[in-house]
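Chain by chain, the residues run as shown.
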Amino acid sequence: MSLASSPALEAFLKQFDGVNHSKPPVAIFDCDGTIIKGDIGEAMFYYQIEHFLLRVNPANIWLDHPKGEELDNLYTQLASLPADRRTHDRRFVSFAEMMLEWYFDQLSEGKTEKACSDIVKLFAKFSEQEVEQIALTTFNEELGSPISFRKFGKHSVPKGIRYIAESVRLLKELQQLGFDIWAISGSNKWSVYPVFERLGIPRDRIIGIGLHLSSNVFAAKVETPVPVLQGKVEAVQQFTNASPVLVVSDSIYDIPLFEYSSGLKVLVNSRMETSYTFFKETNIVQDDSWVVIEHPTLQE
């Protein structure tokens, strides 16, 4: 469904047209699957593995990894090689598979917050400027890549992101109406910056997972609250007391964020065959407070 065919959204937006607000109305956008098709935080994780961009042994960060000793040995052996040989060594495939499996296994077990936090901790000992450069390089590479897959041994993971046309159109219309727009994501915040800055959203309105700085480099300690599930609401509340009148997301995981909206909830159905699955699995009644973008289109 296009935005133009949504009378509910049209009527909602019309009430803000030409109105001078003493306090601008707040709208919140999720990132992955909502403003873009793809996951920019995961893409940055894959890029980091692909180029062996690590300064701390992952076994020393993921202390509960079930194969910590094996992970430690693989990292130590690869790190001892010249930089240009590491990803070409036969042991690199085993190392990459072990890294990916730890992340995927935790997601499958419902440990979403921990999985998302664990991969961000891998930027320990990098400076903020260095991580921002990795994020920008990842973003440009993903945006310029055909929609495809990259291989890490037995694992195929997505390659390429695209902006979702309907979400971008809505965001731009809200900007014209004077909305205070916030972006929030369970991806690391540096990966989300270029996605939304390209759309005119400043960094002080972009929230993602961050790390604590120690002596000008990152420690393997995640800032709280972690913007995942209920943590998204808590994270937003750290920055603004204004409740959103509109929330845009694609995810079942964002039910707390949807419920935080005092007005419309816009579901961007970029993952499921139909939105029926979303409402069935959440036991939510699709009333007039919901607008569904059923078949979002991608910008090329």
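Calculation rules
Residues numbered from 1 in each chain as written. Predicted model: local features only at pLDDT ≥ 70, side-chain atom pairs only at ≥ 80, totals over all residues. Heavy atoms only, no water. Helix = DSSP H or I, 4+ residues; strand = E, 2+ residues; numbered from the N terminus. Rg over C-alpha atoms; globule rule 2.2 N^0.38 Å. Buried < 20%, exposed > 50% of the residue type's maximum accessible area, 1.4 Å probe, protein only. Contact = heavy atoms within 4.5 Å. Lys, Arg positive; Asp, Glu negative; His and termini not counted. Charge placed at Lys NZ, Arg CZ, Asp CG, Glu CD. 1 Å grid on protein atoms, 1.4 Å probe; cavity = no way out; pocket = protein on both sides within 12 Å on 5 of 7 lines; lining within 4 Å. Points joined across faces, edges and corners; volume = space filled by probe spheres on them. Polar contact = N/O pair within 3.5 Å; in protein donor to acceptor, adjacent residues only side chain to side chain. Core = buried A, V, L, I, M, F, W, Y, C linked by side-chain atoms within 4.5 Å. Phe/Tyr/Trp six-rings, centres within 6.5 Å; stacked < 30°, edge-to-face > 60°. Axes fitted to C-alpha atoms, helices over the stretch in contact; angles between N-to-C directions. Parallel < 35°, antiparallel > 145°, perpendicular 65-115°, else oblique. Left-handed = near helix turned anticlockwise from the far one by under 90°. Nonpolar A, V, L, I, M, F, W, Y, C, P; charged D, E, K, R; others polar. Pairing = 2+ DSSP bridges. Right-handed = clockwise from strand over helix to strand, strands pointing away.

**Q** Give me the lowdown on the overall build of the protein chain, citing residues and values where you can.
**A** Along the backbone of the protein chain there are 12 helices and 12 strands. Relative to the globule expectation of 19 Å for 300 residues, the C-alpha radius of gyration of the protein chain, 20 Å, shows essentially globular dimensions. If you line up the protein chain on its principal axes, its C-alpha atoms span 65 × 40 × 35 Å. Per-residue burial for the protein chain yields a buried fraction of 54% across its 300 residues. A separation threshold of at least 6 residues defines the contact pool for the protein chain, and within that pool the share at least 24 residues apart is 65%. Charge separation in the protein chain, taken as the distance between the mean sites of 29 positive and 40 negative side-chain charges, equals 4 Å.

**Q** Summarise the layout of surface pockets; cite the residues concerned and give the values.
**A** Here the largest pocket is characterised by a volume of approximately 900 Å³. For the largest pocket, the lining is made up of 41 residues, of which Asp-32, Asp-39, Glu-42, Asp-250 and Arg-271 are closest to its centre. When residues of the lining of the largest pocket are traced back to their parent elements, those giving at least two are α2 (40-50), α5 (91-108), α6 (112-120), β3 (148-152), β4 (155-159) and β6 (180-188).

**Q** Tell me about α2, residues and numbers included.
**A** Burial within α2 is extensive, with 10 of its 11 residues counted as buried. When we look at burial in α2, the residues that qualify are Ile-40, Gly-41, Glu-42, Ala-43, Met-44, Phe-45, Tyr-46, Tyr-47, Gln-48 and Ile-49. With a side-chain oxygen lying 3.1 Å from the backbone nitrogen of Gly-41, the N-terminal cap of α2 falls on Asp-39. Taken from the residues just after α2, Phe-52 is the one with a positive phi, measuring 50°.

**Q** Please set out the nonpolar core residue by residue, giving values where relevant.
**A** Across soluble globular proteins, nonpolar side chains show a tendency to be buried alongside one another. Membership of the largest hydrophobic core comes to 82 residues, with the highest contact counts inside it found for Phe-29, Ile-35, Phe-95, Phe-196 and Leu-246. Of all hydrophobic cores here, the second largest spans 20 residues; its members include Val-26, Ala-235, Phe-279 and Ile-284.

**Q** A description of the packing of aromatic side chains should follow, citing residues and the corresponding values.
**A** Using the criterion set out here, one finds 19 aromatic pairs in the structure. Centroid distance Phe-52 to Phe-95: 5.4 Å. Interplanar angle 50°. Geometry classified as tilted. Placement of Phe-52 in the loop between α2 and α3 (58-61) and of Phe-95 in helix α5 is noted, with a sequence separation of 43 residues between them. Each member of the pair, Phe-52 together with Phe-95, is buried. Seen from their ring centres, Trp-182 and Phe-239 are 5.9 Å apart, and the 50° between their planes marks the pair as tilted. Separated by 57 residues along the polypeptide, Trp-182 in strand β6 and Phe-239 in helix α10 (residues 230-239) bring together distant segments of the chain.

**Q** So what's going on with the packing of α2 against helix α9 (residues 189-197)? Which residues, and what values?
**A** Close contact between α2 and α9 brings their axes to 8 Å; oriented N to C, the two are set at 125°. Relative to α9, the element α2 lies oblique. Classified by chirality, the crossing of α9 by α2 is right-handed. For the pair formed by α2 and α9, the contact residues are Ile-40, Gly-41 and Met-44 on the first element and Ser-191, Val-192 and Val-195 on the second. Here the contact of α2 with α9 is composed, by residue class, of 4 nonpolar, 2 polar and no charged.

**Q** Please set out empty space enclosed by the protein residue by residue, giving values where relevant.
**A** Per the stated rule, a full pass over the model turns up 1 cavity of 30 Å³ or more. Lining the largest cavity are Gly-41, Met-44, Phe-45, Gln-48, Ile-119, Val-120, Phe-123 and Asn-188. Looking at the lining of the largest cavity element by element, the count peaks at 4 residues for α2.

**Q** Give me the pairing of strand β7 (residues 206-209): which residues, what numbers.
**A** Sheet topology note: the β6/β7 ladder contains 3 bridges and is parallel. The residue of β7 that forms the bridge with Asn-188 is Ile-209. Remark: the β6/α9/β7 crossover connection has right-handed handedness.

**Q** For the environment of Val-157, give the residues involved together with the corresponding values.
**A** Relative to the assigned elements, Val-157 resides in strand β4. Of the residues examined, Val-157 reaches a relative accessible area of 1% and is grouped as buried. The contact partners of Val-157, leaving out residues within four places of it in the chain, are Tyr-46, Phe-104, Ser-148, Phe-149, Arg-150 and Phe-152.

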